[in-house]
Amino acid sequence: FRIMAGKVKWVTDIEKSVLINNFEKRGWIQVAENEDWNFYWMSVQTIRNVFSVEAGYRLSDDQIVNHFPNHYELTRKDLMVKNIKRYRKELEKEGSPLAEKDENGKYIYLDFVPVTFMLPADYNLFVEEFRKNPSSTWIMKPCGKAQGKGIFLINKLSQIKKWSRDSKTSSFVSQSSKEAYVISLYINNPLLIGGKKFDLRLYVLVSTYRPLRCYMYKLGFCRFCTVKYTPSTSELDNMFVHLTNVAIQKHGDDYNHIHGGKWTVSNLRLYLESTRGKEVTNKLFDEIHWIIVQSLKAVAPVMNNDKHCFECYGYDIIIDDKLKPWLIEVNASPSLTSSTANDRILKYNLINDTLNIAVPNGEIPDCKWNKSPPKEVLGNYEVLYDEEMAQSDGTERDLRSRPGQSTGVKGSRARDSGKPVLTTWK
Amino acid sequence: AMLDPDRGLSLTIARVVQRLQGSSLHSQLERQARVSLHKPEIKLESLKEDIKDFLKTSGWEKKLQNAVYSELNVFPSACHPAAPPEHIKEPLAYMRKAQGSWEKRILKSLNSMCAELNIPLAQKRPVNEQKELLNKWNEMGTDEPDLSLFRPVYAPKDFLEVLMNLRNPNYENGEQPSFRNHLGLIQVPLKVKDIPELKEDFSELGLNIGQLGIDDSAQVPPEFFENEHVCVGQKVLAEQDSAAAQQYVRQGCPTALRADLWALILNISNQPEDILYYEQLKSNVIQHDLLVDSLIYKDVKLTASNDDYYFVFEDYLYQVLLCFSRDTSVLEHFAYSSATPPKSYIRGKLGMEEYAVFYPPNVNYNSFILSVAPLCFLYHEPSKLYQIFREMYVRFFFRLHSISSHPSGIVSLCLLFETLLQSHLPQLFYHLREIGAQPLRISFKWMVRAFSGYLATDQLLLLWDRILGYNSLEILAVLAAAVFAFRAVNLMEVTSLAAAEAVLADLSTLKVMPLLQIFLFATVT
């Protein structure tokens, strides 16, 4: 019995054709922000306003937005690390085998974020770590920026004097969050293909955090640097060697507008299977899925699981030459700009599949629905982790206590064939 | 005069023995035999048998078998002992003549480019340039030399024109206008196979036999075929048996085993002397600058750099191709190729043999750049990549660029394609011809590149598995026909060549094995 037979009314403050074409193809109606809307695809600035205490915004049952109110717990570099560290400590306290450490004190299953410190707050801790390995390279990233802006590499303490001075001279400095930086151990042994560094961009859709339900987009891609990789200290300033962001690379001399320096994940898989073997390749992809789910579990307790919200994240992952994946960061607003024709198609389909899951049947939503779409609408998404399913199988408990088992989690191996196989996690 | 089989066999044996004598395998076997004398199981009374047994159990006999098998695969069967060398290259005189004219034309074009640009065909590189090149050997892709004045020596369609104009002067087709003479572009009466013969030859692709590319898809549980096939593959590799590997890959290679299986079939083991040979080639590249280097550079930039799959490997392509163009061991294959390499001399050393530079057999790199690129998905060690490519070239790909009567030569492939289409999709063929869209005009570029750059890489590799497995390029013609069959409905509706090209522009979503299987085994004839 349909109560509301009307068309979905949409608003967006992001003028991107991949979005607008998708709304229009569903026959949805564009309205203004101050009118009655059902679906608002917001920029991160807007979500801040909508959910701010002052705004007093109350969303009604038939309104859906594309961000969680405090997504920054996952998508700000410093908060992500903080939450993961907290999560690990909690597991350790509980005595969970997931938090097991090796003889060097490193987490066996949860060491997927490079050693990271907040600056200026953790400056002294950082110096201690730096001195253990004075020839190491570290990467400085501003907490609140994107697209590679403001990032630089250092290999000498003198290069970050600024943050020490502030930290020493004041006991409590309230830094505006814009000037806060994280400093992470730079992964100077990335896996190279054709001699070039690359990273992975994977899209993950979260429809609810408690219970956690998330989907992985099968069509992720690799972003290659246009310049050969070298760890040589003389090239630390050359961002074309080190930063894979398209926003940076596209200004390089060798940037190509046909392929945009991008490879599909299936190409990567083919290459790795052919040159390294199937087992290690499967293990790598399993680990990638694992770290994504762990990162979501880490922030789930602090996330405002507002039922009006869903979110499509852009995960950035780097694989090192030992085939270990590292989580670099999570983006709340992954770029919807298309750098090539293939790109446009990919992003168009991404939004299409996202909308099919978030707004069932393309009809006016009811945020109270169970957020459990039928398998047929997933499109290119695969279920990554469904906490409810896992619990109903009685294996959620097992996951925490016996990580060695192949659990009943509806995991996925993001093969192009889309074969939904049980992930053999740990 | 027909050669009687026994005579042919002994000639073949003699030839193989002659080729293997003095090879590094020969000296290794000798060394092994000598070393074995110290072993307790080798007894003086039964010396010969004991050494033979030893060579068998230590795997050396297998290596010899693989080498013999390789020779048999590569070289054509013996012909009459009185036949002149040209007949081994190419038995048909008119084909030899056509190839000769084509080569002259290419050389003329190269020479005039040299004169125009005032660049020699070959010259020694100044020392500082040598140093520079050595430094950026691994990233030649970042160079930006001015290549605007270089033009490709010929385009695929130029080559097709030459093939279309081939005529056998001894052939009189009389009054009867057979369909073959009139409808297609190729007008020479070479013998090509029909579908019943192809079904026999490619019997392992039949409907009841498991295939990778079909029976490993998402819907099929791996227990049905895939797992068993992988096990068999591992056994074949453990045995190091070339012949078994060649038979095995007819059903496709598991991705993780492919690199090793291909190396086994091509008999590439990457010995220290092979690596040394590659390094020598590299130093030749550093020391001498060839005109073709610029042509290679330009062609890589035009093709692989813009390709969604291959752009990552751009730098490897320069390394492989620049070395290839200086590799005189490739000249050996000219004994059985209809082509003859143009020869030039380093500037100022005219007539001095040690300064002779042989031009690579095909200066239209466009086509064979794309035949190197897929190999980069399998081999990332430069000297191994090089050897695999070189062997693929001298076994298969050279036939796509020279005019010959060989069943895997491009002329036969074109004729096979046209014949298959005419016989089994006559309506389509007739329609396309009527609207000025001769099918070969579209499929030629696919075949001449062995479909590289047109298919998705995983599909291409499955196709090339079968090229290796059947030791023949005929499958390229069959696939081309199968693609037309697949898109027949849309093609029947087009009314121009451009529209037909558009229907067939994007092959990147095709799955080759189902197409081949349906065309060969499931089409009502």
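Residues numbered from 1 in each chain as written. Chains lettered and ligands numbered in written order. Predicted model: local features only at pLDDT ≥ 70, side-chain atom pairs only at ≥ 80, totals over all residues. Heavy atoms only, no water.

Enquirer: Just checking my understanding: could you explain the pairing of strand 12 (residues 221–228) of chain A for this structure?
Expert: Residues and elements named next belong to chain A. The element strand 12 is extensively covered by neighbouring structure, given that seven of its eight residues are classed as buried. Across five bridges, the pairing between strand 10 (residues 196–209) and strand 12 is antiparallel. Residue L200 lies in a different strand from strand 12, and its bridge partner there is C222. By the bridge criterion, three bridges tie strand 12 to strand 13 (residues 262–264) in an arrangement that is antiparallel. For C222, the partnering residue across the bridge sits in strand 13 and is W263. (Buried < 20%, exposed > 50% of the residue type's maximum accessible area, 1.4 Å probe, protein only. Helix = DSSP H or I, 4+ residues; strand = E, 2+ residues; numbered from the N terminus. Pairing = 2+ DSSP bridges.)

Enquirer: I keep staring at the side chain of T419(B) and nothing clicks. Help me out?
Expert: Residue and element names in this part refer to chain B. Positionally, T419 belongs in helix 19 (residues 410–424). With relative accessibility at 13%, the residue T419 sits in the buried group. There is a polar contact of 2.6 Å between the side chain of T419 and the backbone oxygen of L415. (Polar contact = N/O pair within 3.5 Å; in protein donor to acceptor, adjacent residues only side chain to side chain.)

Enquirer: Looking at this structure, I do not really get the side chain of S405(B). What am I missing?
Expert: Residue and element names in this part refer to chain B. Within the element layout of this structure, S405 appears in the loop between helix 18 (382–395) and helix 19. Looking at S405, the relative accessible area reads 17%, which means it is buried. For S405, the contacting residues outside a window of four places in its chain are E90, P91, L92, M95, L190 and S412. (Contact = heavy atoms within 4.5 Å.)

Enquirer: Just checking my understanding: could you explain the sheet that holds strand 4 (residues 64–65) of chain A for this structure?
Expert: Residues and elements named next belong to chain A. Spatially, the four strands line up as an open sheet ordered 2-1-3-4, and their pairing is parallel. Only two strands of the sheet have a single partner each, and these edge strands are strand 2 (29–30) and strand 4. Relative to strand 2, strand 1 (residues 9–12) runs parallel, the two being bridged by two bridges. Within strand 2, the residue paired with W10 across the bridge is Q30. Seen against the sheet, helix 1 (residues 17–25) touches strand 1 and strand 3 (39–41) and runs at an angle of roughly 175° to strand 1. (Axes fitted to C-alpha atoms, helices over the stretch in contact; angles between N-to-C directions.)

Enquirer: Just to check I follow, could you spell out the domain arrangement of chain A for this structure?
Expert: Residues and elements named next belong to chain A. With domains assigned, chain A is organised as domain 1 (11–75 + 196–397), domain 2 (84–111) and domain 3 (115–157 + 179–186). If you look at the interface, domain 1 gives 10 residues, while domain 2 gives seven residues. Inspection of the domain 1/domain 2 interface yields zero salt bridges. With five residues, helix 10 (residues 278–299) is the largest single contributor of residues to the side of domain 1 that touches domain 2. (Domains from an automatic or database assignment. Salt bridge = Lys/Arg side-chain N within 4 Å of Asp/Glu carboxyl O.)

Enquirer: Would you mind going over the packing of helix 2 (residues 24–36) of chain B against helix 3 (residues 47–57) of chain B with me for this structure?
Expert: Packed helix pairs are specified by the crossing angle of their axes together with the interaxial distance, meaning the distance between the axes. All names here are of chain B. At a closest axis distance of 10 Å, the pairing of helix 2 and helix 3 adopts a crossing angle of 115°. The interaxial crossing formed by helix 2 with helix 3 has right-handed handedness. Together, L29, Q32, A33 and S36 of helix 2 and I51, F54 and L55 of helix 3 make up the contact between the two elements. Partitioning the contact of helix 2 with helix 3 into residue classes produces five nonpolar, two polar and no charged. (Left-handed = near helix turned anticlockwise from the far one by under 90°. Nonpolar A, V, L, I, M, F, W, Y, C, P; charged D, E, K, R; others polar.)

Enquirer: Would you take a moment to explain helix 1 of chain A for this structure?
Expert: At 3.6 residues per turn, the α-helix brings residues three or four places apart onto the same side. Residue and element names in this part refer to chain A. Buried within helix 1 are the following residues: V18, L19, I20, N22 and F23. Considering only its buried residues, helix 1 is in contact with strand 1, strand 3 and helix 11 (341–358). Immediately beyond the C-terminal end of helix 1, within one or two residues, lies G27, with a positive phi of roughly 75°.

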